[in-house]
Structure formats: C-alpha cells, structure tokens
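The lines below spell out each chain.
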Amino acid sequence: MAAVIKEPGPDFANQGVLAYTERQGSVDVVKHSMGWIEVIVGPMFSGKSEELIRRLRRAEIGKQRVQIFKPVIDQRYTKNGIVSHSGLEIASELVASGSDILAKVAPRTEVVGIDEAQFLGDSVVEACVKLADMGKRVIVSGLDTDFLGRPFEPMPRLLAVAEEITKLLAICMQCGNPAVHTQRLVASEELIVVGASGMYEARCRRCFEPQLAHQKIEEQSSNSPETKAHAASS
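Now for a description of the structure that goes with this document. (Residues numbered from 1 in each chain as written. Predicted model: local features only at pLDDT ≥ 70, side-chain atom pairs only at ≥ 80, totals over all residues. Heavy atoms only, no water.)

1. Comments concerning the side chain of Thr109
Take Thr109: it is sitting in the loop between helix H2 (98-104) and strand S8 (111-114). With sequence-adjacent residues up to four places away left out, Thr109 is seen in contact with Arg65, Val66, Gln67 and Lys136. (Helix = DSSP H or I, 4+ residues; strand = E, 2+ residues; numbered from the N terminus. Contact = heavy atoms within 4.5 Å.)

Spelled out as structure tokens, the structure:
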C-alpha cells in the first residue's frame, strides 16, 4: 500500500481541503499489465472527486483508454459528468450498480474511474475486483463514513481489497481543524440523501453532531400545525 502524507496544499487553500504527497513505493510503477485498485476516501468537501479527476486526466494524457462512471442517483451538477465542488469536470457514464459497470467496460479499456461508489451497493466491490483481475487499473472515490459517523458500506470492503488507499481530510466549517466527518444539516434520517453545500458540511471530531438530523426532525415535528393544535386542545 502506498504511504500517504496529508499536508495543506497551496492549490487547495481556497477550497477547504487538504492535499497530499506520495512517498516512494506507491503503485505508480506496475509491470506486466497487472491490474489494481486505488480507493480515495474522506468526508464531503475533502477533494475526493477532484483527486479522482486528476488521476484520470493524467491517464488520458498518457494515451491510456479510460472509462468513467458515476451513480445514476447523483446528478447534483450535471447528468453526464463528474463535477468536483471546486468546479472541475470530466465526462462520465451513469450506472446503477457494479453489474452495469461490468457490462459497459470495453475489453480494451485500461483505466476505470468510479465516483461516489458508496451509492452503488455491494456489487461495486465484486466489479472492481473482476476489473482488476482482468488487468485494469481501477480508481474509486467515495465517502468512508455516513452522516452518523458509521462505516459507509460498501466502502470498508473496497478498502480491504485495494492496493492503494488515500484518505483525504476537509476543513471543519465550525473551527477550522482537519475534518473527518460529514455533518448532515437537514431533517432526514435516510441513509442516502444526495446534496451539497447547505445540506452538508465538513466537521472535525470535536464539532461533529451525529444526532443533529434527528434533533431537526423533532424540532419540525414540535413546530408543525398539527402538533400545536393538539397541544392547544389538551
């Protein structure tokens, strides 16, 4: 596994993320067309999609055949592209599962990029392993924890089978410390609620409030006309 150093990067200073540098020993040099899996994880606003786009563009510059996929559920910025929160964009195809990816990858494709893999379910793990076994470089990004701070399946399983893991940190929107959590700001306890700024923000360990979404639901319920009418009649 590649050793990773996380440190503030000047290019990211205005985007609230942390950059990283790679030490010698990463999987950048692989012989005999061996496939492998790279996983980029972290909270929202940590630069995961931006790092994925950077690696995929380098592969394209190197004249490698690249295919890129994202979940059909994620159409926040555009339908046919991966877009980072900082505005970087690269064309992609929509898929609903790992099986869709396997069906769409061409035999001659050398590099496969997958964004927001946590939305694709367990089948994405099997798909990534099969693609790597076929000799392809698979680069995956996604959230490693959910809005409650729990491991976000299937990302832990992807981390277990990956050759290279990069964990990025964001900047806490409350205190400015390195942030590892994604704070949900809206009243919903659904596991998957697709959104961006205004619905989520990065938080550090100290500022993270895992029960905030539940508290907002209770506040909405207590302030609803039905609740007030019931209280008035009691």
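2. What to know about the pattern of salt bridges
All chains considered together, the criterion is met by 11 salt bridges. Salt-bridge contacts for Glu51 lead to Arg55; the nearest nitrogen and oxygen are separated by 2.7 Å. One end of the pair, Glu51, and the other, Arg55, are both in helix H1 (residues 48-61), 4 residues apart, so they sit about a helical turn from each other. The exposure classification of Glu51 matches that of Arg55, with both residues buried. As a salt-bridge pair, Lys167 and Asp144 come within 2.8 Å of each other at their nearest N and O atoms. Within this pair, whereas Lys167 is found in strand S10 (residues 164-167), its partner Asp144 is found in the loop between strand S9 (137-142) and helix H4 (155-161), the two being separated by 23 residues in sequence. Residue classification places Lys167 among the partly exposed residues on the basis of a relative accessible area of 30%. (Salt bridge = Lys/Arg side-chain N within 4 Å of Asp/Glu carboxyl O. Buried < 20%, exposed > 50% of the residue type's maximum accessible area, 1.4 Å probe, protein only.)

3. With respect to unusual backbone geometry
In this chain, Glu153 is followed by Pro154 through a cis amide linkage whose omega measures 10°. Turning to its location among the elements, Pro154 is positioned in the loop between S9 and H4. The phi dihedral of Lys63 is positive, around 65°, even though this residue is not glycine. Looking at where Lys63 falls in the secondary structure, it is placed in the loop between H1 and strand S4 (66-71). A residue is classified by how much of its surface remains accessible, and Lys63, at 75% relative accessible area, is exposed. One non-glycine residue, Glu116, adopts positive backbone phi at about 50°. If you trace the backbone, Glu116 turns up in the loop between S8 and helix H3 (123-133).

4. Structural notes on H3
For H3, every residue scored as buried is listed here: Val124, Val125, Ala127, Cys128, Leu131 and Ala132. Taken around the axis of H3, the buried residues stretch over an arc of 165°, which confines them to a single face. Packing partners of the buried residues in H3 comprise strand S3 (36-41), H2, S8, S9 and H4. A positive phi of about 95° marks Gly135, the residue just after H3. (Arc of directions from axis to C-beta.)

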